[in-house]
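As a plain string of letters, each chain reads:
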Amino acid sequence: MLKQQSDSWQLVWPDASQPVFTDGITVVTAQQWQQQLQAVKRFIAMQPGDTVLLYQADPVLFSAWFVALCQLGKHIVLAPDGQPDTLQLAGAQCDWQAPQAAVRADTVAYQPRLLLQNSCRVSFFTSGSTGQPKLVTKCLSQLLLEVQTLQQQFGVALSGQTLFAATVSFQHIYGLLFRMLWPLCYGFTQHRTQLSYLEQWQALLQQYDVVLVASPAHLARFHDVAILAPYTSRCQRIFSSGGPLNDVVPPRYVAALQQAPTEVFGSTETGGIAYRQRNTADVGWQVFDGVSVSQGPEQALQVSSAYLDSAGWFTTSDQVALVTERSFRLIGRLDRIVKIEEKRLSLPELEQYCLNSVLVSQVAAVVLTTTKPQLALAIVLSNQGEQLLKLHGKLVLNQQIKQHLLRRFERVLLPRKFRYVASLPYNQQGKLPRSELEALFEHD
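From a predicted model like this one, the values you see are computed outputs, not experimental measurements. All residue numbers refer to positions counted from 1 along the written sequence of the respective chain. The model is predicted, so local features are restricted to residues of pLDDT at least 70 and side-chain atom pairs to those at 80 or more, both for listing and for counting; the totals for chains, interfaces and linings are taken over all residues. The basis for every side-chain value is the complete set of non-hydrogen atoms in the structure, without hydrogens or water.

Break down the nonpolar core for me, citing the residues and quoting the values.
By nonpolar core is meant a set of buried Ala, Val, Leu, Ile, Met, Phe, Trp, Tyr and Cys residues that side-chain atoms within 4.5 Å join together. Relative accessibility under 20% of the residue-type maximum defines a buried residue, over 50% an exposed one, and the middle range a partly exposed one, all with a 1.4 Å probe and only protein chains included. If you look at the biggest cluster of nonpolar residues, it comprises 77 residues, and the most contacted ones within it are Trp33, Phe66, Trp182 and Phe328. Under the scheme used here, helices are H or I runs from DSSP no shorter than 4 residues and strands are E runs no shorter than 2 residues, and both carry numbers assigned from the N terminus. The element that contributes the greatest number of residues to this core is helix 5 (residues 173-186), accounting for eleven residues. In this description, contact between two residues means that some pair of their heavy atoms is separated by no more than 4.5 Å. Excluding residues that lie within four positions of it along the chain, Phe66 makes contacts with Leu54, Ile76, Val122, Leu140, Leu176 and Leu181. Counting residues in each nonpolar core, the second largest holds 26 residues, with Leu347, Leu359, Leu405 and Leu406 among its members.

Structural data, given as structure tokens:
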């Protein structure tokens, strides 16, 4: 149970035998988890500096580190992924990095109440419009207030034996809030393994009441969701965030499980803004309790909530049509931050990183709107790049550029199409029209 106090938050776990994590076979109890927590706290106390880079693939270790750092009032910087250049980039903002191996734990007395300090800050890396990753910092209270909202909005309908499982990482704000902090703060058990396949979800539903925290990409790939129909009563809720689900996806889940996924709309900067559950086709976005919305210039969505750093309105890059004061419909994006497989990508950032390659002289990125969004690059090669193309051909050159980008970007964000040109199609105003870029790829 999560309780807010004047200068801290209290995390209450009365039962030491309470299961906190499970892989379906073995269970990590609250007592065992606290042993790792105390070991991590001792380790932190010996380190200089208060800004700590945290990347952990194991949710047990991640949660122990996260809570320990919150208890000690540190500044936590979450790396978005474990790619080498990403960790180097994120580490430049930090005093030290938490080790990814487990810290040796000893038997300790169980503490039913843990205090988390309001002075703790948590920073996320997210794509910036200037081409550089942007560090977005939240105070712990902003995150835990949002966790309280999730429990009030959705948690009261969940059984006490509910298992939280996920296809998404907790290194980003959606996974951190929905997959990690919500169950941790309110006594729900978490599945230790990140899911990739429909059959894994099916196996869990055979044993548990399940909340699935998923991405739209995974839900769209689960074509044979009808195999879950015998477990309808055990499917407590399905969450989806990162981008709107394709219109054909919700009816598939309604037919199989008698519920559409609950889609969550928001951003790292704003936190959760709204949600919708398309059990019927024509459903708008419903604003969360504690959040207010309005419309700014160019129909830009404006948000005001306790999850923001300052009072007043925050203007997003999302274009909307307001239906009522508490609901709206999305129209599109107003900037060059795009979603590929529901992962946020700054096209200027990718272009700048691509220019670091000795093979590239100029580059422009565009997302082609086919049946599935595809990232494409138009590239003016350097002399070295021209030589490689001449000697080894386009396939080898494509792979060399992909390997370079893989140092910074996850594989799902790599370009699918390349066009090598003598010059980029700038117009007389010195601008690069999207239509001209798209025309380069028309005959693929």
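Before we move on, could you go through the sheet that holds strand 7 (residues 96-97) and cite the residues and values that matter?
Adjacent strands of a sheet pair through backbone hydrogen bonds, lying either parallel or antiparallel. In space, the five strands of this open sheet follow the order 7-5-6-9-10, with mixed pairing throughout. Edge positions in the open sheet fall to strand 7 and strand 10 (134-139), since each of these has one partner strand only. Pairing between two strands is assigned when DSSP locates at least 2 bridges connecting them. Looking at chain direction, strand 5 (residues 51-54) and strand 6 (residues 75-78) are connected through four bridges and run parallel. In the strand pairing of strand 6, Thr51 is matched with His75. Angles here are taken between N-to-C directions and fall from 0 to 180 degrees, while the axes themselves are lines fitted to C-alpha atoms, restricted in helices to the stretch in contact. With respect to the sheet, helix 4 (residues 140-154) is in contact with strand 9 (121-126) and strand 10, its orientation differing from that of strand 10 by roughly 70 degrees.

So what's going on with helix 3 (residues 84-91)? Residues and values would help.
Buried within helix 3 are the following residues: Asp85, Thr86, Leu87 and Ala90. Residues of helix 3 that are buried make contact with strand 5, strand 7, strand 9 and helix 9 (347-354).

Any details on the pairing of strand 8 (residues 113-117)? Residues and values, ideally.
Where burial is concerned, the two faces of strand 8 differ: the one with Leu114 and Leu116 is buried and the one with Arg113, Leu115 and Gln117 is not. Here five bridges tie strand 2 (residues 8-12) to strand 8, and the two strands are oriented antiparallel to one another. Residue pairing for strand 8: Leu11 is matched across the bridge by Leu114.

Residue-level account of helix 5, with values.
Bending of helix 5 peaks at approximately 30 degrees at the position of Met180, with proline Pro183 no more than four residues after it. In the segment just after helix 5, Gly187 is the residue with positive phi, at about 80 degrees. One fitted axis covers the seven residues ending at a residue, a second covers the seven starting there, and the bend at that residue is the angle between these axes.

Explain unusual backbone geometry residue by residue, including any values.
Even without being glycine, Gln258 reaches a positive phi, approximately 60 degrees. Tracing the backbone through its elements, the reader meets Gln258 in the loop between helix 8 (249-257) and strand 15 (262-267). The exposure class of Gln258 is exposed, given its relative accessible area of 64%. With a phi close to 60 degrees, Gln299 is a non-glycine residue in the positive phi region. With respect to the helices and strands, the residue Gln299 is situated in the loop between strand 18 (291-295) and strand 19 (300-305). For Gln299, a relative accessible area of 35% puts it in the partly exposed group.

Give a detailed account of the sheet that holds strand 25 (residues 374-381), specifying residues and quantitative values.
The three strands lie next to each other as 24-25-26, forming an open sheet whose pairing is mixed. At either end of the open sheet lies a strand with only one pairing partner, and these are strand 24 (360-368) and strand 26 (417-420). Averaged over all neighbouring strand pairs, the angle between strand axes comes to 20 degrees, with direction disregarded. The pairing of strand 24 with strand 25 spans eight bridges and is antiparallel. In the sheet register, Gln362 faces strand 25, and the bridge partner there is Val380.

Just give me the short version of the pattern of salt bridges, but keep the residues and values in it.
Only one rule defines a salt bridge in this text: a Lys or Arg side-chain nitrogen within 4 Å of an Asp or Glu carboxyl oxygen. Counted under the stated rule, the structure contains twelve salt bridges. Linking Glu263 and Arg276 is a salt bridge whose minimum nitrogen-to-oxygen distance equals 3.2 Å. Of this pair, Glu263 sits in strand 15 while Arg276 sits in strand 16 (residues 271-277); the two residues are 13 residues apart in sequence, bridging distant segments of the chain. The same class applies to Glu263 and to Arg276, which are both buried.

The analysis is restricted to geometry; functional conclusions fall outside its scope.
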